[in-house]
Every structure is written in structure tokens, then in C-alpha cells.
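In case you want the letters, here they are:
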Amino acid sequence: MNKKEKDLKNITELLSTDFIRAITSNGESGKILTTNLLNRLSTKSSISNGDLDQFIYEYDNGITLISCSGIYNLNVPVNGGLCVHFQRHARNVVDSSQFILQLYISAKIYIRNGRGDGERINYTPWREI
């Protein structure tokens, strides 16, 4: 067991909390209210004829779970699965601060990300993880 595993093993597991401690990219400490975090989670039970590249125009920032039939969806790695779509900013924002992360889960798990360039989101190819 390495040091990180030992450190995590000593942390008390909580069933509920008012906030989660976070560290910003510049090393500053902050907190995220759990109500704010949970309000960002939205779900959609299924889509038809959906293009995973176009989710940026359909969903707001946060985490969205989408059931995909596959044969009716465009830009999926395989037919049939669940897409977990993480989006940094509101729908239709394609500037350079927009970031998308998509996980596609079927018999295997695939991942890709996308970043805005001011005109559209440029996605990396799907890769299996």
C-alpha cells in the first residue's frame, strides 16, 4: 500500500455534508456547497437521432446522463450505451474556456474531450480506457 492509499484509508467516510473542500488550479483552498453540486446534475432518459457532438447545444453546464440507442446516434464509439456528459459552461458557449468531457459506457468504457475554439467544439477521437 503506497502513501496515498494509506492517507485515504484514514479519512472518515461521510454519508452527508454541507460542503466539499476543493483546491483550485492555482493551489488556493475553497469549498463547494453540496446543494450547488447536486443541482448541476441533470438526467435525460433517452435520445433519438442525437449527435454527441451537438450536446453542447442541448445541455447546460454540469453533468448529464444520456441513454443512447447507438444506431440512431451520431459520433458514438459503438452502438448502444450510456453517455456521461460533463460540460463546463452553459449551452451554446463555444469559446476557448468551454470544456467537454464525455464517457461512453457499453461493454467497454470510452472517453474523449472537447474544447471550444470560438466557432465550435473540437473533440479528440474516442479512446478505450
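Above this note sits the structure.
Predicted model, so just to flag it, every value in this text is computed and none were measured.

The next thing to look at is the packing of aromatic side chains. The tally for this structure, following the rule as stated, stands at 2 aromatic pairs. Centroid distance F55 to Y59: 5.3 Å. Interplanar angle 85°. Geometry classified as edge-to-face. The exposure classification of F55 matches that of Y59, with both residues buried. Ring centres of Y104 and W126 lie 6.0 Å apart, and the angle between their planes is 65°; this geometry places the pair in the edge-to-face category. Residue Y104 is located in strand β6 (residues 99-105), and its partner W126 is located in the loop between β8 (121-123) and β9 (127-128); the two are separated by 22 residues in the primary sequence.

One finds L52, F55, Y59, I66, C68, V76, C83, Y104, Y110 and W126 forming the largest nonpolar core, which totals 10 residues. Discounting chain neighbours no more than four positions away, the residues touching Y110 are P77, V78, Q102, L103, Y104, W126, R127 and E128.

The next point concerns a nonpolar patch on the surface. On the surface, a cluster of nonpolar side chains totalling about 320 Å² of accessible area is made up of L82, I105, I109 and I129. Mapping L82 onto the fold places it in strand β5 (residues 81-87). On the accessibility criterion, L82 (33% relative accessible area) is partly exposed.

What follows deals with the state of the cysteines. Enumeration over the complete set of coordinates arrives at 0 disulfides. With no disulfide of its own, C68 has C83 as its nearest cysteine by sulfur position, at a separation of 5.4 Å. Using a relative accessible area of 4% as the deciding quantity, one classes C68 as buried. Owing to a relative accessible area of 0%, C83 belongs among the buried residues under this scheme.

The pairing of strand β1 (residues 19-23) with strand β2 (residues 29-33) spans 5 bridges and is classified as antiparallel. Looking across to β2, one finds that R21 is bridged to K31. Connecting the antiparallel pair β1 and β2 is a turn made up of 5 residues, with G27 showing a positive phi of about 90°.

Tracing the sequence through the fold places Y110 in strand β7 (residues 109-116). Sequence-wise, Y110 and C83 are 27 residues apart; in three dimensions their C-alpha atoms are separated by 9.4 Å.

Residues other than glycine seldom take positive phi values, yet N75 does so here, at roughly 60°. Within the secondary structure, N75 sits in the loop between β4 (62-68) and β5. Taking the relative accessible area as the measure of exposure, N75 reaches 36% and is therefore partly exposed. You will see that N92, though not glycine, has its phi angle at about 75°, which is positive. Within the secondary structure, N92 is located in the loop between β5 and β6.

A separate point is the pairing of β7. As paired elements, β6 and β7 share 7 bridges and run antiparallel to each other. When the sheet's bridge partners are listed, Q102 is paired in β7 with R112. Hairpin connection of β6 to β7: 3 residues between the antiparallel strands. With 2 bridges connecting them, β7 and β9 associate as antiparallel partners.

Rules behind the numbers
Residues numbered from 1 in each chain as written. Predicted model: local features only at pLDDT ≥ 70, side-chain atom pairs only at ≥ 80, totals over all residues. Heavy atoms only, no water. Phe/Tyr/Trp six-rings, centres within 6.5 Å; stacked < 30°, edge-to-face > 60°. Buried < 20%, exposed > 50% of the residue type's maximum accessible area, 1.4 Å probe, protein only. Helix = DSSP H or I, 4+ residues; strand = E, 2+ residues; numbered from the N terminus. Core = buried A, V, L, I, M, F, W, Y, C linked by side-chain atoms within 4.5 Å. Contact = heavy atoms within 4.5 Å. Patch = residues over 30% accessible without salt bridge, like charges linked within 9 Å, V, L, I, M, F, W, Y side chains within 5 Å. Areas by Shrake-Rupley, 256 points an atom, 1.4 Å probe, with all protein chains shown as cover. Salt bridge = Lys/Arg side-chain N within 4 Å of Asp/Glu carboxyl O. Disulfide = S-S within 2.5 Å. Pairing = 2+ DSSP bridges.

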